[in-house]
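Each chain, written out:
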Amino acid sequence: MRASRTSPTGVERRFGDDELIVTKTDARGVITYANDVFLRVSALTEGEVVGQPHNIIRHPGMPRGIFDLLWETLRSGSEIFAYVVNLAADGAHYWVLAHVTPSVDAHGKLLGYHSNRRVPVPAALTAVRRLYDELLAVEARFSRPAEAVAASRALLTERLDTAGMTYDEFVWSLSPEGVAA
């Protein structure tokens, strides 16, 4: 839980465009595997992460509403792509484009989740930060987490409906081809 008590320093950490951060969790979201890239970027050791909840790297600048959408999507058995800012144990932060999928056995029973994360294109983060700042502002109006999440999800839905897209379509509109357009 070291990283969750860490205060953000404002220092952004990057990793290679050719690298992937990989983690696996059990069905409760407890980390069962983390690759070397994850350990390096998060400034944690394997002993510090395996057996810990994945929110060990949760950054306070990450809207609860996005995580609510993420978990809702995963619980439905679907995969999700999402922009996420994470907090390293030394206070640095790093942005990722995460691809999270449920892992199931041959009988369809949920075993856990697999997440691959890559470096997002910088131009995409401008739009993501603008949206996430709006969601964080609405969440800050509520002291009860459930109310904050509900308000954030409502605003997210409103923004996406106005744009005429789903969150997936928003994410892919920020792909290199979409950003360059």
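Refer to the preceding data block for the structure.
In this report, the structure presented in the accompanying data block is examined. The residue numbers shown here count from 1 along each chain, following its written sequence. It should be noted that, the model being predicted, local features are given only for residues of pLDDT at least 70 and side-chain atom pairs only at 80 or more, the latter also being counted only at that level, while totals for whole chains, interfaces and linings use all residues. The side-chain numbers reported here are obtained from all heavy atoms of the structure, hydrogens and water having been left aside.

### A few points about helix α4 (residues 122-139)
Part 1: With 18 residues, α4 should reach 26 Å at 1.5 Å per residue; the first-to-last C-alpha distance of 25 Å fits that figure.
Part 2: When a residue's accessible area, from a 1.4 Å probe over protein chains only, is under 20% of the maximum for its type it is buried; when over 50% it is exposed; and in between it is partly exposed. In this text, helices come from DSSP runs of H or I with a minimum length of four residues, and strands from runs of E with a minimum of two, each type numbered from the N-terminal end. Three or more residues of α4 are buried, namely A124, L125, A127, V128, L131, Y132, L135, V138 and E139. Any helix carries an expected span of 1.5 Å times its number of residues minus one.

### A few points about the pattern of salt bridges
Part 1: Any carboxyl oxygen of Asp or Glu within 4 Å of a side-chain nitrogen of Lys or Arg constitutes a salt bridge here. Throughout the structure, instances matching the rule amount to 10 salt bridges.
Part 2: Among the ionic pairs, R40 bridges to E19, the shortest N-O distance being 2.7 Å. Highlighted residues: R40 in helix α1 (residues 36-42) and E19 in the segment before β1 (21-26), separated in sequence by 21 residues.
Part 3: Under the relative-accessibility criterion, R40 is labelled partly exposed at 47%.
Part 4: Across the salt bridge formed by R153 and D68, the nearest N and O atoms sit 2.7 Å from each other.

### Thoughts on the pairing of strand β2 (residues 31-34)
Part 1: Where β1 meets β2, 3 bridges bridge the pair, whose relative direction is antiparallel. Along β2, the bridge assignment pairs T25 with I31.
Part 2: Note on pairing: two strands pair once DSSP finds at least 2 bridges between them. Here β1 folds back onto β2, and the loop between the two strands holds 4 residues, one of which, G29, carries a positive phi near 90 degrees.

### Remarks on empty space enclosed by the protein
Part 1: Space inside and on the surface of the protein is sampled on a 1 Å grid over the protein atoms alone, with a cavity defined as a set of points where a 1.4 Å probe fits but cannot get out and a pocket as an open set with protein on both sides within 12 Å along at least 5 of 7 lines; lining residues have an atom within 4 Å of a point. Grid points are joined across faces, edges and corners, and a volume is the space filled by probe spheres set on the points. Within this structure, the stated rule accounts for 1 cavity of 30 Å³ or more.
Part 2: In this structure, the largest cavity spans a volume of roughly 50 Å³.
Part 3: The wall of the largest cavity is formed by E12, R13, R14, F15, W95, V119, P120 and L125.
Part 4: Only Asp, Glu, Lys and Arg are considered charged, only Ala, Val, Leu, Ile, Met, Phe, Trp, Tyr, Cys and Pro nonpolar, and every remaining residue, Gly among them, polar. Taken together, the residues of the lining of the largest cavity break down into 5 nonpolar, no polar and 3 charged.

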